[in-house]
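Coordinate inspection notes
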Amino acid sequence: MNRPFATITLTLALGLAARADEPASKDKAPSKPEPSAVLMDVTLKGTIGEDPAPTGLDGAPIKDNLKGIIDRIAKAKADKEVKGLVVRLRDLKVGWAKGYELRRAIEDFRRSGKKTFAVLEMAENADYLVATAADEIVMPEGGWLLLKGLAAEVTFYKKAFDKLGLKADMLQMGEYKGAGEPYTRTEMSPAFREELTAILADDYDQMVDAISRRQGIARDEAKKLIDGGPYTPHGAKAAGLVNRVAYPDQLETEIARGLGLKAVRLDPKYGKPKSDMADLSGFAGFMKMMQMLSGEGLRKPASKKPKVALIYAAGLIRTGKSSSGSLLGDAVMGSDTVIQHLREAEKDPTVKAIVLRVDSRGGSALASDLMWREVVRIEKPIVASMSDYAASGGYYLSMGADKVFAEPGTITGSIGVIGGKIAVGGLLEKLGVTTDTITVGKNGTFLSMTKPFTDDEKAAMRRLMEETYKQFVSKAAEGRKMKYDDLEKLARGRVYTGRRAKELGLVDEVGTLDDALAAAKTLGDLGEDSELLILPRPRSLLESLLDPLEDRDVEARALAPLLPDSARRALGRLAGVARLLESEPAALIGPCEIDIR
């Protein structure tokens, strides 16, 4: 690995050096164009992460995370030179919680009196939901508005397991705890269907609200507009869902006309750190580039100002260290890493309060409990802020905080336990591989991945899970200041939207990350001059390149590009759960990957 990396860096250095040695052009500098109004131009596409992205050579993030996008929009709102905002939405793949954050940021920008424009192309529900916050929505003539009712698809593997000779031997605490169902059933159980239907109904209700408010129409009329979809751009314009049909090259002219100006300038780099690249020519430049790749010299000295620590906790929960996502799997939230960040914030005398930003469907029961213990142990005020998911282990981690915020569309709760294993003995036999086992004493094959549980082992497993479930419910009841029996009725593995969780007392407030940060400042008695300490700190480009290969599922690289996104996510989910159960038979994990579209 070292040799190719050295070749890459040397090539970069030589290329930069060659550019530095090029003679300056003798052409006359072009005349300055006439000044025009500036509009911030931001593109929202694909997935948008929570954690800070790796930094480039100039120390700036390679890609904005959610907070980075929202902060840039807030900066543009306060900038008198910026006259408006253009938001381009392209196949946005975020949950309803992140969508709510983005809508709030656009709505907040509008309150300044500046115009906002949303540009759609091939837009689905997530794109349109964010776009409803803008003053005007624009589409090109060849696009489609795929506005429609909501659906949640769950992938079941039992028939495939039967054909392969795999046996999923799963138990669950709570009738709604459906995380094991995809591996043991061919369709949803009645309880699983009931809870997913409730989530879909609440999300649909939020979409109806957004359209009725934007259009100034009754909710029943908004439902008719949703049921009338999908739309062509002209059909959407006739229905009032889109304001303009225009191509990208017409956009600036159309916006200028709408603002009553001669011309406008769209700035896609607004709010991003300006490049401060040093001279990288020659050997000295090469050494400088290596220093920049490692992030050395780009980190600012520690400030003495009072701070709120913002700690990101995202991914499948496991014991050990955190790691970035792979081609097939989710990112891993390692308990050791999160505890390290919590203790760093605790020991820093300038940190007066902590915000824990959680985006996780859960995972290891042990890791969740270890992180919960740190949250309740630390005396500094801690506020939990839930993103798209804070379910099962993600809820466990949050429930010890002094105050808990969720987005309206956050999927949370899932207070329950699943346990079991996926026995591969049948598959091995099909491949001609046999296993011969000797046991002494009872339950010797309890952890064997080749055989299902015996009756005695299953009874032992149930005892362990019952104790884990009682601990989960007890600690949740303590954190929510509720009686055990009252909390247990809300548990049983059931998931809720953030809005419903607030009504039931499982969270304190419905609000954004900024709302949680404001609450932390209040609890920490901080003024407006306080700063933010973000953990984990952004990795350098070199650190991201040298990520451990075993954390990236390298063997899946050839397969992943051939799979649709839905199939890749389903396989990644299956692989993550299988690895988790192999190391820890009892887990706190949400019911499934709920892809609501």
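Below, the structure is looked at part by part. (Residues numbered from 1 in each chain as written. Predicted model: local features only at pLDDT ≥ 70, side-chain atom pairs only at ≥ 80, totals over all residues. Heavy atoms only, no water.)

This part takes up the overall build of the protein. Within the protein, the secondary structure is distributed over 21 helices and 24 strands. Split by element, the accessible area of the protein, about 29,100 Å² in all, is 53% carbon and sulfur. (Helix = DSSP H or I, 4+ residues; strand = E, 2+ residues; numbered from the N terminus. Areas by Shrake-Rupley, 256 points an atom, 1.4 Å probe, with all protein chains shown as cover.)

Take the packing of helix α7 (residues 190–215) against helix α8 (residues 219–227) next. Running from amino to carboxyl end, α7 crosses α8 at an angle of 110 degrees, the nearest separation of the two axes being 8 Å. Between α7 and α8, the angle is such that the two are roughly perpendicular. Contacts from Tyr204, Asp205, Met207, Val208, Asp209, Ile211, Ser212 and Gln215 in α7 reach Arg219, Ala222, Lys223, Leu225, Ile226 and Asp227 in α8. Residues belonging to the contact of α7 with α8 are distributed by class as follows: seven nonpolar, two polar and five charged. (Axes fitted to C-alpha atoms, helices over the stretch in contact; angles between N-to-C directions. Parallel < 35°, antiparallel > 145°, perpendicular 65-115°, else oblique. Contact = heavy atoms within 4.5 Å. Nonpolar A, V, L, I, M, F, W, Y, C, P; charged D, E, K, R; others polar.)

With 13 residues, helix α12 (residues 335–347) extends 18 Å between its outermost C-alpha atoms, agreeing within 8% with the 18 Å of an ideal straight helix rising 1.5 Å per residue. Those residues of α12 not exposed but buried are Ser335, Thr337, Val338, Ile339, His341, Leu342 and Ala345. Elements in contact with the buried residues of α12: β11 (307–314), β12 (316–318), β13 (332–334), β14 (351–360), α13 (365–377) and β22 (531–535). (Expected span 1.5 Å × (residues − 1). Buried < 20%, exposed > 50% of the residue type's maximum accessible area, 1.4 Å probe, protein only.)

This paragraph deals with the pairing of strand β5 (residues 136–139). Residues Glu136 and Val138 line one face of β5 and the alternating positions Ile137 and Met139 line the opposite face, and both faces are buried. Pairing of strand β3 (residues 115–120) with β5, which is carried by three bridges, proceeds in the parallel orientation. Residue pairing in the sheet places Phe117 in a bridge with Glu136 of β5. Here two bridges tie β5 to strand β9 (residues 244–245), and the two strands are oriented parallel to one another. Within β9, the position partnered with Val138 by the bridge is Arg244. (Pairing = 2+ DSSP bridges.)

The next point concerns the environment of Asp79. Mapped onto the elements of the fold, Asp79 is located in the loop between α2 (66–78) and β2 (82–92). In this structure, Asp79 is in contact with Lys114 and Tyr270, ignoring residues within four places of it in sequence. Among the polar contacts listed, one links the side chain of Asp79 to the side chain of Tyr270, at a separation of 2.8 Å. (Polar contact = N/O pair within 3.5 Å; in protein donor to acceptor, adjacent residues only side chain to side chain.)

It is worth spelling out empty space enclosed by the protein at this point. A complete count under the given rule lists three cavities of 30 Å³ or more for this structure. If you go around the largest cavity, the residues you meet are Arg88, Val119, Leu120, Glu121, Val138, Met139, Pro140, Ala246, Tyr247, Pro248 and Leu251. Breaking the lining of the largest cavity down by element, the ones donating at least two residues are β3, β5 and α10 (248–259). Class assignment of the residues belonging to the lining of the largest cavity gives a composition of nine nonpolar, no polar and two charged. (1 Å grid on protein atoms, 1.4 Å probe; cavity = no way out; pocket = protein on both sides within 12 Å on 5 of 7 lines; lining within 4 Å. Points joined across faces, edges and corners; volume = space filled by probe spheres on them.)

Attention now goes to the nonpolar core. Ranked by internal contacts, the top residues of the largest apolar core, which has 54 residues, are Ile354 and Ile415. When residues in this core are grouped by element, the largest group, eight residues, is from helix α16 (residues 455–480). Setting aside residues no more than four positions away along its own chain, Ile354 makes contact with Ala309, Ile311, Leu342, Ala345, Ile378, Pro381, Ile382, Val383 and Ala520. One finds Leu92, Phe109, Ala134 and Val242 within the second-largest nonpolar core, a separate group that totals 48 residues. (Core = buried A, V, L, I, M, F, W, Y, C linked by side-chain atoms within 4.5 Å.)

Take the environment of Ala76 next. Secondary-structure assignment places Ala76 in helix α2. A residue is classified by how much of its surface remains accessible, and Ala76, at 0% relative accessible area, is buried. Taking the C-alpha atoms as reference points, Ala76 and Phe109, separated by 33 residues in sequence, lie 8.0 Å from one another. Not counting the four nearest positions on each side in its chain, Ala76 is found in contact with Met40, Val82, Phe109, Lys114 and Tyr270.

Below, the discussion takes up the side chain of Glu101. Within the secondary structure, Glu101 sits in helix α3 (residues 96–110). For Glu101, a relative accessible area of 4% gives the class buried. Among residues more than four places away in sequence, those in contact with Glu101 are Leu66, Ile70, Arg357, Glu407, Thr512 and Leu513.

Ordered by their spatial adjacency, six strands build an open sheet running β9-β5-β3-β2-β1-β10, and the pairing between neighbours is parallel. Pairing within the sheet leaves two strands with one partner each, and these edge strands are β9 and β10 (264–267). Direction of pairing for β2 relative to β3: parallel, over a ladder of six bridges. Along β3, the bridge assignment pairs Val87 with Ala118.

Take the pattern of salt bridges next. Tallied over the entire structure, the rule returns 36 salt bridges. Note that Glu194 is salt-bridged to Arg494, the shortest N-O span being 3.3 Å. With Glu194 in helix α7 and Arg494 in the loop between α17 (484–490) and β20 (495–497), this pair connects stretches of sequence that are 300 residues apart. In this structure Glu194 comes out as partly exposed when scored by relative accessible area, which is 39%. Assessed through its relative accessible area of 18%, Arg494 is described here as buried. Residue Glu346 is joined to Arg377 by a salt bridge in which the shortest nitrogen-to-oxygen separation is 2.9 Å. In this pair, Glu346 sits in helix α12 while Arg377 sits in helix α13, placing the two residues 31 residues apart along the sequence. Glu346 sits in the partly exposed class, given a relative accessible area of 24%. One continuous salt-bridge network, built from bridges that share partners, spans Asp202, Asp205, Asp209, Arg219 and Arg499. (Salt bridge = Lys/Arg side-chain N within 4 Å of Asp/Glu carboxyl O.)

In short, geometric facts, not functional conclusions.
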